[in-house]
Amino acid sequence: MPRNSGLYDLTSTYIEGEGAEIPKAKYGYSRDQRFDAKQVVIALVITPEGFPLAYEVMDGNTSDRTTLRSFLGKIESTYGRARRVWVMDRGIPTEAVLAEMRSSERQIFYLVGTPRSKIRQHEKKWLDLPWQKVRQAVEVKLFADAGELYVLAKSEGRRAKERAMRRRKLARLVRKLRAMRRNGPRRDQLLLRIGAARKEAGSAFRFLQLQLPREGEAVTRNNFQFRVDQDKLAAAELQDGYYLLRSNLLNEDPTVLWERYVQLAQIEAAFKSMKSELGIRPLYHQLGHRVEAHILVAFLAYCLLVTLKNRLQALAPGLTPRAVLEKLSTIQMLDVWLPTTDLRWLVMPRFTQPQADQTILLHKLHLALPQQPPPRIKNRLPDFPQEALRL
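Sorry if this is basic, but what is going on with the sheet that holds strand 13 (residues 344-351) here?
Strand order in the open sheet formed by 3 strands is 12-13-14, and the pairing between neighbours is antiparallel. Looking at which strands have only one partner, the edges of the open sheet turn out to be strand 12 (333-339) and strand 14 (376-379). If you compare each strand with its neighbour and ignore which way they point, the axes differ by 35 degrees on average.

Here it is, written out as structure tokens:
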């Protein structure tokens, strides 16, 4: 695996308010499920260790598939050409961009997920191949096609997780439908409630078979029926835990490829941290330059957060950045002002002394507080005349 790897993904954050003075604020696909609000799209590149390399704020209606080409050029112009690997989710690159990355002129390496439909499409090529174990509960099959290496991975842990999530959604959906049938709403109300339940259930709704009352009929147990399509559910569960990766690294160790792809969770954690801990969701600014500045500050703060996280892994494993910041937050700097007999002020800047557990933490991190600053003398400011306060 080349030394230089980049994880690339996009997210969105919505604007509270009209956002009329924010040129990039537009309606688009909202990852926060706020389709009623304008948003901006944020593209981010980080290293496998989580260190951010670059970001860009884009129009809120930007399609994921239109961003990669410009980012490739931006990284090359900033950091120069190198033997990099771009790790991306399946919705990011187009076939045209992947062909450009494979071309002999650029030779940019990639590792990207593919839709599950591709698993069936290439079934004849991998069906008779042996499984290779790369982890305790992960096996892979390898096959080449049109200058690319395909890695079919099977994870028992992922299979159990996907099945449990689907069954929870189905169980919740069935409970809601049973409650609708007991309450006996009018047909129009029933359709509205089913629409809301369908939105919440997502893809799990397709495993349900519904019989709805005709227009004008009252809702009864006979004309409103539903059941889970067990055959369709069983067919879907056969594909649980499988995912297909493709790369132009033809001679790479499949274990390394799988581990690199799993690291995409790092960038999902980065977005989660920026949205929750660093406050870029939602944005309350109503001017474009303030939105850009807010996201810049959050990006810089995340750089510091990742630096602290990696420092903790080496010096104090088991501690999280949030726990360390909360522990050290009580060490504060303050100025003590004392009046003198000659009508001046003695100003003594002081930071609070660390407690025993804070001292141990600072020692573990190889950090030392500076010496207490020396005191200084300031002339006393004249009192504000009371007359000026009168209207």
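In this structure, what is going on with unusual backbone geometry? I would like to understand it.
In this model, Arg 281 is joined to Pro 282 through a cis peptide bond whose omega is -10 degrees. Mapped onto the secondary structure, Pro 282 falls in the loop between helix 9 (264-276) and helix 10 (288-315). For Ala 146, which is not glycine, the phi torsion reads 55 degrees and is therefore positive. Within the secondary structure, Ala 146 sits in the loop between strand 7 (138-145) and strand 8 (148-155). On the basis of relative accessibility, which here comes to 66%, the residue Ala 146 falls in the exposed class. For Leu 343, which is not glycine, the phi torsion reads 65 degrees and is therefore positive. One can find Leu 343 in the loop between strand 12 and strand 13.

Got a minute to help me understand the packing of aromatic side chains in this structure?
Two descriptors summarise a pair of aromatic rings, namely the distance from one centre to the other and the angle between the planes of the rings. Under the criterion given, the structure shown has 9 aromatic pairs. Arranged with centres 5.2 Å apart and planes meeting at 0 degrees, the rings of Phe 143 and Tyr 150 form a pair that is stacked. With relative accessibility at 7%, the residue Phe 143 sits in the buried group. The interplanar angle of 55 degrees and the centroid separation of 5.7 Å between the aromatic rings of Phe 224 and Phe 226 together place this pair among those described as tilted. For Phe 226, a relative accessible area of 14% corresponds to the buried category. An aromatic cluster is defined as three or more aromatic residues linked by ring pairs; in this entry it consists of Tyr 8, Phe 71 and Trp 86. The ring of Tyr 14 carries Arg 34 above its face, with NZ or CZ at 4.6 Å from the centroid. Geometry around Phe 71 places Lys 74 over its ring, the cationic atom sitting 5.4 Å from the centre.

Rules behind the numbers
Residues numbered from 1 in each chain as written. Predicted model: local features only at pLDDT ≥ 70, side-chain atom pairs only at ≥ 80, totals over all residues. Heavy atoms only, no water. Pairing = 2+ DSSP bridges. Helix = DSSP H or I, 4+ residues; strand = E, 2+ residues; numbered from the N terminus. Axes fitted to C-alpha atoms, helices over the stretch in contact; angles between N-to-C directions. Buried < 20%, exposed > 50% of the residue type's maximum accessible area, 1.4 Å probe, protein only. Phe/Tyr/Trp six-rings, centres within 6.5 Å; stacked < 30°, edge-to-face > 60°. Lys NZ or Arg CZ within 6 Å of the ring centre and 35° of its normal.

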